[in-house]
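# Chain and residue survey
Below, each chain spelled out in residue letters.
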Amino acid sequence: MLSYLLAVAVVALIYSLMTLALNLQFGFTGLINFGVVGFFAIGAYTSALLSQAGLPLELTLPCAALAAGLAAWPVALLSLRLRIEYFAIVMLGYAETIRLVISQEEWLTGGVRGLPGIASLSVGLGIPGDPTLVAFALALACVVGAVLVSRRLVHSPFGRMIQAIRDDEDAVRALGKSPGRFKVAVFVVSCLFVGLSGGLYAHYITYLAPDQFGALLTFYIWVAMILGGAGSVGGALVGSAILLGFIEGSRFLHDLLPGVSAVEMSSVRLGVIGLSMMLLMRFRPQGLLGGKAGCG
Amino acid sequence: MERPVLSMRQVLLAAAGVAALGIASGQAFAAEPFLVGALNPVSGAGSPYGSGMQKAIAMAADEINADGGACGRQIQVVSEDTQTSPDAAVLAVKKLIDVNKVQVVMGTWSSGVTLAVMPITTAAGLPEMNTSGAPAISTEDKADLVWRFQATNGRFGQAFAKIAKERGFKRPATMAYNNASGLGNTEGFAKAWKEDGGKVVASVVYEPKQASYRSELQQILAANPDVVVMGSYLPDTTIILREWYQSGQNPDLKWIIPGWAANEKLVEALGPDVTQGVIAVDSISNENAPSYAHFAEAYKKATGQPAGSNVYAAMTYDMMVLWGLAMQADCSKLTPEAINGRIRGVDSASGDKVFTFAEGKKALEAGKAINYQGASSQLAFDQYGDVTPDFSLSVVEKGEIVRKSVVTIGK
């Protein structure tokens, strides 16, 4: 049981890295990013391909973060010119484009056949012991790091500035500050987290294919952020844990409802996940740890 | 004051507690059951097959149990849904291994799921049995713990090439849905066809879920092929054939389509005129073997569906039967590795042919070597743990899919 819970926790931690990033973008700055999964894919493939080329994981994981950050930079510049809603749509398209490029560039990414046999975290880093435990420790360390960076950012003058941008961009301009620079910085820095989570994911699952990077994942991350509470660093962690708790916990429903067939069960599961989320939103619309209702 | 001995509520609570203890310590009971994990695509893209696959595993387990179990051990099946997604499958298989303590995992369907699950089962020292097509599964299986009960996509391609040659086609073109299976089919075809000295006049790979494939189709029709070999699925095949028919171009063009796309539903959607002469190729179950008749009857009873509607169900049925026989082959060692090592032994070419678990068990108890002839194929695993099933060639004639011949490709 412990090992299974650890496995679930690893995925929750990987999700929470992304949720932390989205929280910086949306919860604190008001940037609507519907393309989280695109940067996640860039991180995953970067680390996987570099490690298959022989680089050690100590290098490939930072490279994954950097690659996602670099990919975020030009799009972040776009955010200066586009209104918030248009930016959201551009991001959706951007992530889809990345998925298509991955599925077409077979020479590099293995195309739709995917990349099998990626080194696992424990093998790649040469750490002996239970691979799930190693993955858990590493993911936890990354999340702790990301939390510290997030807190530092949010509570600095920089953090107050981005929250001001979120609340009223025109007011910020009227005070003689230029919001653009801040938006770009937040976007790029938070995409570093997303890239890193992609790298961890690649070496945890050890198999990558383009269909793992559909828009569904982006919306999972949004759900996690909203559940936890937009604009709260702790909320990002709690939200991811709850999301995974719903998704995985519903597996055990089967043991409670023995009369239900497997096929019915898969639908019941989705129903239960949806219902629990609706109830949570009904009774706690600001999210579990959210101070005030989401904004944007 | 006298207290009542026990209230009804307390009795019930106590009973529930005892029951819970019983479940928690289930293994402590005598003749503990052997736990098998059924990991099937109950939801997602594999959902048309997943529940049938799961039922087939349970059916085979029931047969084994009705015959007194394997080595006196009852088989208990724990099932999970892969959602046809590698991420979900990874957690599902972790649960099967760590929470349910299964000793073998069987029934993964899509290649992506199998490739994601394999490293986990292998690390746990457990065998994995699947019905996936991707060639990478053979090469990634370094510990010989993975068994494939379905023809690889490459073998499908070889069957296509053999059929195209027999039917006298000279100018084939290929169209593939952009995924591992679609590409595997058409590339397997192109490889076999070219090795035979042929030439492919055009080939197109298309993206899934489009409303129209007109431009891809034009590229193919412009090369003036006499046959188009498809690596496709039902929705896209329906659109492509309709657009070809509406265009009025190359009316004599023939189509070779895998059976999962060229089925009754395709004919129903397009009508007899459009589908006239379409050639459907599918891996077939071991239809002349008594094991298939036995399976088909039980499957019909269990699901109300004909066995032919789900070729994967016969494969998962064979997984369970074969595993039971491998257990029975040496009751003194029932670790997953030891049983895994005996799989080739109960599938040995020199053994007596057996068709059910009961027959096999009897022969094994009499000290004979056996060769289980599966319901899905005769099995006969190669060095990669892959089977080589036969293929059926059917042609659509006036809205009916008519079986023409059985195609056997080189072992």
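Predicted model only: the values in this text are computed from it and were never measured.

About the thresholds
Residues numbered from 1 in each chain as written. Chains lettered and ligands numbered in written order. Predicted model: local features only at pLDDT ≥ 70, side-chain atom pairs only at ≥ 80, totals over all residues. Heavy atoms only, no water. Domains from an automatic or database assignment. Buried area = accessible area lost by both parts, 1.4 Å probe. Salt bridge = Lys/Arg side-chain N within 4 Å of Asp/Glu carboxyl O. Helix = DSSP H or I, 4+ residues; strand = E, 2+ residues; numbered from the N terminus. Nonpolar A, V, L, I, M, F, W, Y, C, P; charged D, E, K, R; others polar. Buried < 20%, exposed > 50% of the residue type's maximum accessible area, 1.4 Å probe, protein only. Pairing = 2+ DSSP bridges. Axes fitted to C-alpha atoms, helices over the stretch in contact; angles between N-to-C directions. Contact = heavy atoms within 4.5 Å.

Our focus in this paragraph is the domain arrangement of chain B. Residues and elements named next belong to chain B. Domain annotation of chain B identifies domain 1 (31–151 + 287–372) and domain 2 (153–283 + 391–407). Regarding the contact of domain 1 and domain 2, the summed buried area is about 610 Å², with carbon and sulfur atoms giving 49% of it. The largest share of the area that domain 1 buries against domain 2 comes from Ala-151, Glu-287 and Val-311, three residues that together contribute 51% of it. Here domain 1 is connected to domain 2 by one salt bridge. Residues Glu-287 and Arg-403 are paired through a salt bridge, measuring 3.1 Å at the closest nitrogen-oxygen approach. The element that contributes the greatest number of residues to the side of domain 1 that touches domain 2 is helix α12 (residues 311–328), accounting for three residues. Within the side of domain 1 that touches domain 2, the residues separate by chemical class into six nonpolar, two polar and one charged.

All names here are of chain B. Of note in this structure, Lys-101 is not a glycine but carries a positive phi near 60°. If you trace the backbone, Lys-101 turns up in the loop between α3 (86–99) and β3 (105–108). For Asp-144, which is not glycine, the phi torsion reads 55° and is therefore positive. Along the polypeptide, Asp-144 turns up in the loop between α5 (136–140) and β5 (146–148). What makes Asp-144 partly exposed here is its relative accessible area of 27%.

Side chains bearing opposite charge may pair, as long as their charged atoms lie close to each other. Counted under the stated rule, the structure contains 21 salt bridges over all chains. Of the charged contacts in the structure, one is a salt bridge between A:Glu169 and A:Lys183, with a shortest N-O distance of 3.3 Å. Of this pair, A:Glu169 sits in helix α9 (residues 169–174) while A:Lys183 sits in helix α10 (residues 179–205); the two residues are 14 residues apart in sequence, bridging distant segments of the chain. A salt bridge links B:Asp386 to B:Arg148; the shortest N-O distance between them is 3.0 Å. Taken as a pair, B:Asp386 in the loop between β12 (370–372) and β13 (391–397) and B:Arg148 in strand β5 lie far apart in primary sequence, 238 residues in all. For the pair B:Asp386 and B:Arg148, a shared accessibility class is recorded, and that class is buried. Taken together, the shared-partner salt bridges connect A:Glu169, A:Asp170, A:Arg173 and A:Lys183 into one network.

Residue and element names in this part refer to chain B. Pairing in this open sheet of five strands is parallel, and the strands run β2-β1-β3-β4-β5 from one edge to the other. The open sheet has two edge strands, β2 (75–81) and β5, and neither has a second partner. The mean inter-strand angle of the sheet, taken between neighbouring strand axes irrespective of direction, is 20°. With two bridges connecting them, strand β1 (residues 34–40) and β3 associate as parallel partners. Counterpart to Gly-37 in the pairing with β3 is Val-105. Contacting β1, β2 and β3, helix α2 (residues 47–66) runs over the sheet at an angle of about 170° to β2.

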